[in-house]
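Each chain, written out:
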Amino acid sequence: MGIEDLHINRDRLLRRLDALAEIGAIDGGGVCRLALTEEDRLGRDQVTAWMRELGMAVSVDRIGNVVGVRAGRRPGPPVMTGSHIDTVRTGGRYDGTLGVLAGLEVIEVLNERNLETEHPLAVAYFTNEEGSRFAPDMMGSLVYVGGMSVEEARATRGIDDSTVGECLDAIGYAGEADCGAPSVHAFVELHIEQGPILEQKGVTIGAVEQVQGISWTEFTVAGVSNHAGTTPMPLRHDAGYAAAAIACEVRNLAMRIGGNQVGTAGALTIAPNLVNVVANRATLTVDLRNTEEERLQRAEAELAAFVDQLAKNEGVEITSRRLARFQPVEFDAGIVDRVERAARDLGLSVRRMPSGAGHDAQMLARVCPAGMVFVPSADGISHNVREYTEPDHLEAGANVLLRVLVDLAQQPVGGG
Ligand code: HGY
Ligand code: MN
Ligand code: MN
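Residues numbered from 1 in each chain as written. Chains lettered and ligands numbered in written order. Predicted model: local features only at pLDDT ≥ 70, side-chain atom pairs only at ≥ 80, totals over all residues. Heavy atoms only, no water.

(A) Quick look at the environment of Val 184. As for its placement among the helices and strands, Val 184 is situated in the loop between helix H6 (164-170) and strand E7 (186-192). For Val 184, a relative accessible area of 10% translates into the label buried. The sequence separation of Val 184 and Pro 77 amounts to 107 residues, and the corresponding C-alpha distance is 4.9 Å. If we ignore the near neighbours within four places in the chain, the residues touching Val 184 are Pro 77, Pro 78, Met 80, Tyr 144, Leu 364, Val 367 and Cys 368. (Helix = DSSP H or I, 4+ residues; strand = E, 2+ residues; numbered from the N terminus. Buried < 20%, exposed > 50% of the residue type's maximum accessible area, 1.4 Å probe, protein only. Contact = heavy atoms within 4.5 Å.)

Laid out in structure tokens, this is it:
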């Protein structure tokens, strides 16, 4: 049987996506499975059970990454796919889960056809990809490729002041396996685009060439609380005003720099958070991204200069803490070519493009040839309960993934 005879079972994939979306379901059709919460544990249990039902050998590593392996004709590093199943607080049902469940669907098709591959095949879900509870994002895959130690990751304190280690132990997913095992022959991730490009262009498949650089910073402003009515404006040291000014500058500098520059002030706290008190404390997170490293550095420098001047003018103290910093990543040209070719062979429209979001594939690219397959997001919406991708597009993306994975897994062991 040739690779062209292989197709995924669309209804089975949709059933698994719906079943997983029930875990942590929130109003509006979305999902909340913040990393290392009880909902994350339940989602992990479900996906791990599916891996075992498919006869995969399942390992859990010390930071909670879970890898299922289907044996190949020869032992050795697997061709791997996967993504994440943790979500943001207002998550959708496809971000991350599509990549993991499409990987399981590929395994099930090969099992049904009793098709043996040269290389083993693996499906992984990585711990804490989102990073919104514990920064940085892509934490589990970063540890997997040796970019962060397990100890440093476990000691990371999150937005609710608990540590990764405490929460990982509490959900029972602090495994025994060394991180980075198994080593990987090649990695391909299917993901929703989470942006508007494919839909606007009327294209079904994205052959992702790179992931843009990302810079996350938390600013803490210390001011002086005072009476909102009696304190003359020149005498104020208003932490609330300073945080708001930073948020406005993030928008201004993104528009000023233009191109692919984006900037977001996503999380804000203010104290004492009362209508008639000038705030004495505020924290603000800033997410800056650009496909070009030098422009991203320019954005960071301009924001730092603005913050310094603001602190002087307002008479407040502003400190900053780096939460994440990853340079842009180029994917393997051979993998991008394979994605493009598989899409064309399936008669699907395809275009090369960058990724605006961070993904586990950008970490695996540090240790093996890696690439991604995108499918359209309706209205370009994601990190929103309205996240949606049409079943035809889900099926198309999974079929492209199937072909690329089998093509890679049939390469002679020790070959290219
Ligand atoms: O933030 C991101 O790009 C991803 O959703 N972790
Ligand atoms: Mn994702
Ligand atoms: Mn996400």
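(B) Fine view of the coordination of the manganese ion (ligand 3). Bound to the manganese ion (ligand 3) on the protein side are Asp 95 (OD), Glu 130 (OE), Glu 130 (OE) and His 383 (NE2), at distances that span 2.1 to 2.6 Å. Linear spacing of the donor residues for the manganese ion (ligand 3) on their chain is D-x34-E-x252-H. Distance-wise, the manganese ion (ligand 2) is placed 3.5 Å from the manganese ion (ligand 3), both being coordinated by Asp 95. Placement of Glu 130 in the loop between strand E6 (121-125) and helix H4 (139-144) and of His 383 in the loop between strand E17 (370-375) and helix H12 (391-409) is noted, with a sequence separation of 253 residues between them. (Donors = N, O, S within 2.8 Å, 3.2 Å for Na, K, Ca; no water.)

(C) Examining the packing of aromatic side chains more closely. Evaluated as defined, the whole model comprises three aromatic pairs. Consider the rings of Phe 126 and Tyr 144, whose centres lie 5.6 Å apart with planes at 80°: the pair is edge-to-face. Here Phe 126 is found in the loop between E6 and H4, whereas its partner Tyr 144 is found in helix H4, with 18 residues between them in sequence. The exposure class assigned to Tyr 144 is buried, which follows from its relative accessible area of 5%. Among the aromatic residues, ring-to-ring pairing joins Phe 126, Tyr 144 and Phe 187 into one connected group. Stacked on the ring of Trp 50, the Lys or Arg Arg 16 has its end atom at 5.4 Å from the ring centre. (Phe/Tyr/Trp six-rings, centres within 6.5 Å; stacked < 30°, edge-to-face > 60°. Lys NZ or Arg CZ within 6 Å of the ring centre and 35° of its normal.)

(D) The arrangement of the nonpolar core in detail. Val 47, Met 80, Leu 98, Leu 104, Phe 187 and Ile 205 are the most contacted members of the largest nonpolar core, which totals 96 residues. Here the element with the most residues in this core is H12; it accounts for eleven residues. Shared between two domains, this core holds at least three residues of each, these being domain 1 (3-211 + 329-409) and domain 2 (213-326). Setting aside chain neighbours within four positions, we find Phe 187 in contact with Met 80, Thr 81, Gly 82, Phe 126, Ala 361, Leu 364, Cys 368, Pro 369, Ala 370 and Gly 371. Residues Ala 279, Ala 299, Leu 303 and Val 316 belong to the second largest nonpolar core, which totals 23 residues. (Core = buried A, V, L, I, M, F, W, Y, C linked by side-chain atoms within 4.5 Å. Domains from an automatic or database assignment.)

(E) Geometry of the domain arrangement of the protein chain. Per the domain assignment, the segments making up the protein chain are domain 1 (3-211 + 329-409) and domain 2 (213-326). Averaged C-alpha coordinates put domain 1 and domain 2 at centres separated by 34 Å. Opposite the 16 residues of domain 1 that make contact, domain 2 presents eight residues. Between domain 1 and domain 2, a total of about 750 Å² is buried, with carbon and sulfur atoms accounting for 58% of that surface. (Buried area = accessible area lost by both parts, 1.4 Å probe.)

(F) Spatial organisation of the sheet that holds strand E9 (residues 213-222). Strand order in the open sheet made by the four strands is E11-E13-E9-E14, with antiparallel pairing throughout. Either end of the sheet is taken by a strand with one partner, and the two such strands are strand E11 (262-271) and strand E14 (317-326). Neighbour to neighbour, the strand axes of the sheet diverge by 15° on average, direction disregarded. Relative to E14, E9 runs antiparallel, the two being bridged by nine bridges. Residue pairing across strands places Ile 214 opposite Phe 326, the latter belonging to E14. Packed on one face of the sheet, helix H8 (residues 239-257) meets E9, E11, strand E13 (281-290) and E14 and runs near 10° to E13. (Pairing = 2+ DSSP bridges. Axes fitted to C-alpha atoms, helices over the stretch in contact; angles between N-to-C directions.)

(G) Structural context of the site of ligand 1. In the vicinity of ligand 1, the residues found are Glu 129, Glu 130, Asp 137, Trp 216, Arg 289, Ala 357, Gly 358 and His 383. Here an oxygen atom of ligand 1 and a backbone polar atom of Gly 358 are 2.7 Å apart. The side chain of His 383 places a nitrogen or oxygen atom 3.3 Å from an oxygen atom of ligand 1. Alone, ligand 1 offers 210 Å² of accessible surface; in the complex the protein occludes 95% of this. Grouping the amino acids of the shell around ligand 1 by side-chain chemistry returns two nonpolar, two polar and four charged. (Near = heavy atom within 4 Å. Polar contact = N/O pair within 3.5 Å; in protein donor to acceptor, adjacent residues only side chain to side chain. Areas by Shrake-Rupley, 256 points an atom, 1.4 Å probe, with all protein chains shown as cover. Nonpolar A, V, L, I, M, F, W, Y, C, P; charged D, E, K, R; others polar.)

(H) Focus on the coordination of the manganese ion (ligand 2). The protein atoms that coordinate the manganese ion (ligand 2) are His 84 (NE2), Asp 95 (OD) and His 191 (NE2), at distances spanning 2.1 to 2.3 Å. Donor residues for the manganese ion (ligand 2), ordered by position in the chain, follow H-x10-D-x95-H. For His 84, a relative accessible area of 0% gives the class buried. A relative accessible area of 5% means that Asp 95 is categorised as buried.

(I) Representation of the state of the cysteines. By the definition in use, this model includes zero disulfides. Among the cysteines around Cys 167, which has no disulfide bond, Cys 32 carries the closest sulfur, lying 14 Å off. Overall, Cys 167 belongs to the buried group, its relative accessible area being 9%. Take Cys 179: it sits in no disulfide, and the sulfur closest to it among the cysteines is that of Cys 368, at 16 Å. (Disulfide = S-S within 2.5 Å.)

(J) Representation of the pairing of strand E5 (residues 79-83). Judged by how many residues are buried, E5 sits mostly within the fold: five of five residues are covered. Along E5, one buried face is formed by Val 79, Thr 81 and Ser 83 and the opposite face, lined by Met 80 and Gly 82, is buried too. When E5 meets E6, the two strands line up parallel, connected through five bridges. Each residue of the ladder has a partner; that of Ser 83, found in E6, is Tyr 125. The parallel pair E5 and E6 is bridged by helix H3 (residues 97-112), and the resulting crossover is right-handed. Across three bridges, the pairing between E5 and E7 is parallel. If you follow Met 80 over to E7, its bridge partner there is Phe 187. (Right-handed = clockwise from strand over helix to strand, strands pointing away.)

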